[in-house]
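The lines below spell out each chain.
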Amino acid sequence: MKITVVGAGAVGASCAEYIAIKDFASEVVLLDIREGFAEGKAMDLMQTASLNGFDTKITGVTNDYSKTANSDICVITSGIPRKPGMTREELIGINAGIVKSVTSSLIEHSPNTILIVVSNPMDTMTYLTHKSTGLPKNRIIGMGGALDSARFKYRLAEALGAPISDVDGMVIGMHSDTGMIPLTHLATRNSVPVSEFLTSERLEQVKEDTKVGGATLTKLLGTSAWYAPGAAVSSMVQAIACDQKKMFPCSVMLDGEYGLKDLCIGVPVILGRNGIESIVEMKLTDAEKANIKQSAEAIVNVNALL
Ligand SMILES: NC(=O)c1ccc[n+]([C@@H]2O[C@H](COP(=O)([O-])OP(=O)(O)OC[C@H]3O[C@@H](n4cnc5c(N)ncnc54)[C@H](O)[C@@H]3O)[C@@H](O)[C@H]2O)c1
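Residues numbered from 1 in each chain as written. Predicted model: local features only at pLDDT ≥ 70, side-chain atom pairs only at ≥ 80, totals over all residues. Heavy atoms only, no water.

## Some thoughts on the side chain of Ser119
Consideration 1: With respect to the helices and strands, Ser119 occurs in the loop between strand E5 (114–117) and helix H5 (122–133).
Consideration 2: Not counting chain neighbours up to four residues away, the residues in contact with Ser119 comprise Ile76, Thr77, Ser78, Val99 and Met125. (Helix = DSSP H or I, 4+ residues; strand = E, 2+ residues; numbered from the N terminus. Contact = heavy atoms within 4.5 Å.)

Laid out in structure tokens, this is it:
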């Protein structure tokens, strides 16, 4: 199992580190445009191997796509992150060009690869990848919901005073501060609906804190977060590489599911060896149906900027 991660910055390096620590891949190639940067990150990570007990070989390359040849999975994290006060959508001007050229170079050397898009605005970058590569739908997956759901579970556990392992919950919709939809009515603590423990006001607060989860960290860190994004991508890579058939909310091209067409938006999917094994259509409340429609409209507006 060979995995390429493009962009050896904060998210790319964190993703490579988690993939290595989980020890399921034979090889990870880190690629960056900045001279020597990926080589340095790869060497530093390899020097953790004896300490962290993994056998995955991590190599770094400066823009040499021949070294990525025959990758089973490629993760795209190249591009600029947001600064405090910025929205993800404001990154489109720079990141669209980067994502388009990176995907074309990756496919040239790994025609059968599965692509995971991380660069923001992620739903639109995933859509762009579909339009520019024409790859089958199952092989292009946007990462956003896995991270947003992890942030939702963190906020739920905080409100409940419970360990995170007790909590289950999912976020669908656009990967943006206003467009994401934490599914509070389906969230549980060990199968018991969280609404039995939390007031509707507290649950509403959890929802709002989840939606601005990225912006809160960007304000604290001065740039966007990397540990949870890296961990989220590595879990998706593992589900595909190990054919786990695990469910994650991911940004995928819809063709009528949820009443939506010709856009990429976060919905639950099963990830396995074929990438997207299936899209799960679940019952939404009327309010959630209205939310996903609104979220889809916002994505279409950003897509129109391409
Ligand atoms: N989808 C999500 O949930 C999520 C979460 C966090 C961050 N992000 C996004 O991921 C992207 C990366 O964030 P980061 O914090 O790692 O940024 P970063 O600046 O730390 O790293 C980005 C790296 O991409 C490299 N790069 C730029 N152009 C390139 C090119 N053409 N080819 C190869 N490499 C190139 C840069 O040299 C840099 O090292 C941003 O767009 C950010 O908004 C998405």
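## A few points about unusual backbone geometry
Consideration 1: The omega torsion across Asn120 and Pro121 is -5°, close enough to zero to call that bond cis.
Consideration 2: Along the polypeptide, Pro121 turns up in the loop between E5 and H5.
Consideration 3: Positive phi, close to 55°, is recorded for Asp23, a residue that is not glycine.
Consideration 4: Position of Asp23 among the secondary structure elements: in the loop between helix H1 (10–22) and strand E2 (27–32).
Consideration 5: Of note in this structure, Asn63 is not a glycine but carries a positive phi near 55°.
Consideration 6: Residue position: Asn63 is located in the loop between strand E3 (57–62) and strand E4 (73–76).
Consideration 7: Here Asn63 falls in the partly exposed class, since its relative accessible area comes to 39%. (Buried < 20%, exposed > 50% of the residue type's maximum accessible area, 1.4 Å probe, protein only.)

## Some details on the site of the ligand
Consideration 1: In the vicinity of the ligand, 27 residues are found, and the nearest of them are Ala10, Val11, Asp32, Ile80 and Met143.
Consideration 2: With respect to the ligand, the side chain of Asn120 contributes an N or O atom lying 2.9 Å from an oxygen atom.
Consideration 3: Here the ligand has 860 Å² of accessible area as a free molecule, and 87% of this is covered by the chains.
Consideration 4: Of all the secondary structure elements, the ones that give two or more residues to the shell around the ligand are H1 and helix H4 (92–109).
Consideration 5: If one sorts the elements of the shell around the ligand by residue count, H4 sits on top with three residues.
Consideration 6: Class assignment of the residues belonging to the shell around the ligand gives a composition of 16 nonpolar, ten polar and one charged. (Near = heavy atom within 4 Å. Polar contact = N/O pair within 3.5 Å; in protein donor to acceptor, adjacent residues only side chain to side chain. Areas by Shrake-Rupley, 256 points an atom, 1.4 Å probe, with all protein chains shown as cover. Nonpolar A, V, L, I, M, F, W, Y, C, P; charged D, E, K, R; others polar.)

## Points about the environment of Asn52
Consideration 1: In this structure, Asn52 sits in helix H3 (residues 49–52).
Consideration 2: When the C-alpha atoms of Asn52 and Lys22 are compared, they prove to be 9.7 Å apart, with 30 residues separating the residues in sequence.

## Observations regarding the side chain of Ser14
Consideration 1: In this structure, Ser14 sits in helix H1.
Consideration 2: Aside from chain neighbours lying at most four places away, what touches Ser14 is Trp226, Tyr227, Gly230 and Ala231.

## Regarding the packing of aromatic side chains
Consideration 1: A complete count under the given rule lists one aromatic pair for this structure.
Consideration 2: Relative to Tyr227, the ring of Trp226 lies with its centre 5.6 Å away and its plane at 50°, an arrangement referred to as tilted.
Consideration 3: Assessed through its relative accessible area of 24%, Trp226 is described here as partly exposed.
Consideration 4: Over the aromatic face of Phe37 sits the side chain of Arg34, whose NZ or CZ is 4.0 Å from the ring centroid. (Phe/Tyr/Trp six-rings, centres within 6.5 Å; stacked < 30°, edge-to-face > 60°. Lys NZ or Arg CZ within 6 Å of the ring centre and 35° of its normal.)

## Description of helix H8 (residues 213–221)
Consideration 1: All buried positions along H8 are accounted for by Gly213, Gly214 and Thr218. The buried residues of H8 occupy an angular sector of 130° when projected down its axis, which confines them to one face. Relative to its buried face, H8 has exposed residues pointing more than 90 degrees away, namely Lys219 and Leu220.
Consideration 2: Contact partners of the buried residues in H8: helix H6 (145–160) and helix H7 (200–211).
Consideration 3: Once H8 finishes, Gly222 follows within two positions and takes phi at roughly 85°, a positive value. (Arc of directions from axis to C-beta.)

From the geometry alone we can't say anything about function, so treat these as descriptive.
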